[in-house]
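Residues per chain, in single letters:
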Amino acid sequence: MNEYLAIILRSSAVYFFMVIALRLFGKKELSQLNTADVILILLISNSVQNAMVGNDTSLWGGLAAASVLFSINFILKKLMYKYPRFSDFMQEKPEILIHDGNLDFKTLSKLNITSDELKEAMREHGIEYFKDVKLAMLEIDGNISIISGNQNLKQTYHKRKHIHKSLSGIN
């Protein structure tokens, strides 16, 4: 049993290390993966595997590590839902990149978003020129959402979140 306690402690340490590392390196890294990012993720998973399970390469050791990771993730999500301040601590805020056709160069620079990345996101939304962008945001999940000047802005994030909750049966 002592062996499984060690797996639980090591897996927990690796999980929290990864949370901190992703927080430090930014949300942009989560959604806009290139080849180097995919390779990095694969190498990180391989490098931390032994740190979590040690010499125990048995099925039960792997299941124990996976169970700990799922449990911690479940608990953190519940805590972030219940405690908005904790959620604010764990997640970055959405960032405005373009407002009424005006680029926020300071924010773009801080987030290391290139004009090519921004133009790609605009093309994905069928927008050709910066002047046609009413609002572009880097969302908390790392995606860039864009609203063009001819779209209706009445639906807010809060309303969408509320609609999603009612559709999923959560009140």
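The shown structure was predicted, so the numbers you read here are calculated from the model rather than taken from an experiment.

J.: What is the right way to look at the overall build of the chain in this model?
T.: Secondary structure assignment for the chain yields eight helices and four strands. Ordered by position in the sequence, the α and β elements of the chain form the string α-α-α-α-α-β-β-α-α-β-β-α. Looking at the chain as a whole, 26% of its 171 residues are labelled buried. The contacts of the chain with a sequence gap of at least 6 include a subset with a gap of at least 24, amounting to 61%.

J.: When you look at the environment of F70 in this model, what are you seeing that I'm missing?
T.: Mapped onto the elements, F70 comes out in helix α4 (residues 59–82). By relative accessible area, F70 is classed as exposed at 64%. F70 sits 55 residues away from Y15 along the chain, and the two C-alpha atoms are 9.9 Å apart.

J.: Is there a simple way to explain helix α7 (residues 115–124) in this structure?
T.: Along α7, the residues that are buried comprise L118, A121 and M122. Along α7, the residues classed as buried sweep out an arc of 100 degrees about the axis, all on the same side. Relative to its buried face, α7 has exposed residues pointing more than 90 degrees away, namely D116, R123 and E124. Those residues of α7 that are buried are in contact with β1 (95–99), β2 (102–103), α6 (105–110), β3 (133–138) and β4 (144–148). Within two residues after α7, G126 carries a phi angle of roughly 75 degrees, on the positive side.

J.: It is not clear to me how the nonpolar core should be interpreted in this structure. Could you clarify?
T.: The nonpolar side chains of soluble globular proteins are, as a tendency, buried together. Ranked by size, the top nonpolar core spans 14 residues in total, and within it L97, I98, V133, I144 and I146 carry the most contacts. Looking at this core, the elements that each hand over two or more residues are β1, α7, β3 and β4. Among the nonpolar cores identified, the runner-up in size contains seven residues, and I7, V48, V53 and A65 belong to it.

J.: Is there a simple way to think about the sheet that holds β3 in this case?
T.: Read from one edge to the other, the open sheet built from four strands follows the order β2-β1-β3-β4, with strand pairing classed as antiparallel. This sheet does not close on itself; its edge strands, each paired only once, are β2 and β4. Note that β3 and β4 share five bridges and pair antiparallel. Each residue of the ladder has a partner; that of L135, found in β4, is I147.

J.: Explain the confidence of the model for the chain here, please?
T.: Parts of the model with low pLDDT should not have their predicted coordinates read in detail. Residues with a pLDDT of 70 or more make up 78% of the chain, whose mean pLDDT is 77. Low pLDDT, under 50, characterises residues 153–171; the stretch is placed with nine contacts to residues that sit more than four places away or in other chains.

J.: Explanation requested: the pairing of β1 in the structure shown.
T.: The two faces of a sheet get side chains in turn, since along a regular strand they alternate between them. The pairing of β1 with β3 spans four bridges and is antiparallel. Note on β3: the bridge partner recorded for I98 is A136. The hairpin turn running from β1 into β2, its antiparallel successor, is two residues long, and D100 in that turn takes a positive phi close to 50 degrees.

Reading guide: rules and limits
Residues numbered from 1 in each chain as written. Predicted model: local features only at pLDDT ≥ 70, side-chain atom pairs only at ≥ 80, totals over all residues. Heavy atoms only, no water. Helix = DSSP H or I, 4+ residues; strand = E, 2+ residues; numbered from the N terminus. Buried < 20%, exposed > 50% of the residue type's maximum accessible area, 1.4 Å probe, protein only. Contact = heavy atoms within 4.5 Å. Arc of directions from axis to C-beta. Core = buried A, V, L, I, M, F, W, Y, C linked by side-chain atoms within 4.5 Å. Pairing = 2+ DSSP bridges. pLDDT = per-residue confidence, 0-100.

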